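Structural features, examined
Listed below are the residues making up each chain.
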Amino acid sequence: MIKLLDASGELHPLTAYTDYHIKHKYDGCDIMTFCFDTAHEQYPLLQEECKVEANGNSWLIKKINDDKIDCELDFDFLKTTVYANYKSDTRSLREVLEARLPNGWVIEGGSISTIRRTISFDYCTDFDVVMQCLETYGVCFVWHIPQKRIVVY
């Protein structure tokens, strides 16, 4: 079931969607797509950057093309702060994730990579650093955003 989160924080179950599917991507940045009846009374509620919940995760509507709705996982919580001349020094994957994820996040499998590496950027956000971990440490992520949980493979 897909639920739309309105501006007041209230969830509204969507009822007129079809062709719902999720594409699981190697980098963990999954994409959800569904079609929605343009004549349905709920259709005007769907707008780009609106939050939706489905399949146990939080999503943002990124593109509306008539009845086709494209969503991406909601990583806004990792994009609020910009760092200049960021350097992680020599750290393990777990150390980098613990430093860049907000308080309260659970990291499952974060010790899978024991190598220590340095990540650096001229300008970046926490999202950039976390996503660089994929290549730097040779891992994959599965995100469970509402539960504040990341699984490392």
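Conventions and cut-offs
- Residue positions within a chain follow its written sequence, with the count starting from 1.
- Only residues with pLDDT of at least 70 are given local features in this predicted model, and only at 80 or more are side-chain atom pairs given and counted; all residues enter the totals for whole chains, interfaces and linings.
- Heavy atoms from the whole structure form the basis of all side-chain values; hydrogens and water molecules are not counted.
- In this text, helices come from DSSP runs of H or I with a minimum length of four residues, and strands from runs of E with a minimum of two, each type numbered from the N-terminal end.
- Each helix should span, by expectation, one fewer than its residue count multiplied by 1.5 Å.
- Relative accessible area decides the class of each residue, using a 1.4 Å probe on protein chains only: under 20% of the type maximum gives buried, over 50% gives exposed, and in between gives partly exposed.
- In this description, contact between two residues means that some pair of their heavy atoms is separated by no more than 4.5 Å.
- Side-chain atoms alone can form a polar contact between residues adjacent in sequence; in general such a contact is a pair of N or O atoms within 3.5 Å, and within protein one must be able to donate a hydrogen while the other accepts it.
- Two strands form a pair only when DSSP identifies at least two bridges running between them.
- Working convention: axes come from line fits to C-alpha atoms, limited for helices to the stretch in contact. Angles between N-to-C directions cover 0 to 180 degrees.
- This arc is taken over the directions from the axis of the helix to the C-beta atoms.
- One speaks of a salt bridge when a side-chain nitrogen belonging to Lys or Arg is within 4 Å of a carboxyl oxygen belonging to Asp or Glu.

Looking now at helix α2 (residues 126-137). The periodicity of an α-helix, 3.6 residues per turn, causes residues three or four places apart in sequence to face the same way. Here α2 is twelve residues long and its end C-alpha atoms lie 16 Å apart, about the 16 Å a rise of 1.5 Å per residue gives. Most of α2 is tucked away, with nine of its twelve residues classed as buried. Buried residues along α2 sit in contact with β8 (82-87), β9 (91-92), α1 (93-100), β11 (116-117), β12 (120-125) and β13 (141-144). G138, located one to two residues past α2, shows a positive phi value of around 65 degrees.

Counting through the fold element by element, T90 comes out in the loop between β8 and β9. For the pair formed by T90 and N55, sequence separation is 35 residues and the distance between their alpha carbons is 36 Å. In this structure T90 touches R116, R117 and T118, once residues within four positions along its chain are discounted. A polar atom in the side chain of T90 sits 3.3 Å from the side chain of T118.

The seven strands are arranged β2-β1-β5-β6-β7-β4-β3 in an open sheet whose pairing can be described as antiparallel. Strand pairing shows two members of the sheet lacking a second neighbour, β2 (11-13) and β3 (17-23), which therefore form its edges. Adjacent strand axes in the sheet meet at a mean angle of 30 degrees when their direction is disregarded. Both strand β1 (residues 3-5) and strand β5 (residues 51-54) contribute to a ladder of three bridges, which runs antiparallel. If you follow K3 over to β5, its bridge partner there is E53.

Attention now goes to α1. Within α1, the full set of buried residues consists of L93, V96, L97 and R100. Across the axial projection of α1, the buried residues extend over an arc of 95 degrees, all falling on one side.

For the rest of this paragraph, the subject is the side chain of T125. With respect to the helices and strands, T125 occurs in strand β12. Those residues in contact with T125 that lie beyond four places of it in its chain are L78, K79, T81, V82 and Y83.

This next bit is on the pattern of salt bridges. A complete count under the given rule lists seven salt bridges for this structure. The salt bridge partner of R94 is E98, with a shortest N-O separation of 3.7 Å. Pair noted here: R94 and E98 are both in helix α1, with a separation of four residues, about one helical turn. With relative accessibility at 25%, the residue R94 sits in the partly exposed group. Linking R149 and E108 is a salt bridge whose minimum nitrogen-to-oxygen distance equals 3.1 Å. Note that R149 is positioned in strand β14 (residues 149-152) and E108 in strand β10 (residues 106-108), a separation of 41 residues in sequence. Look at R149 and you get partly exposed, because its relative accessible area is 24%. In this structure E108 comes out as partly exposed when scored by relative accessible area, which is 33%.

Just geometry here; none of it tells us what the structure is for.
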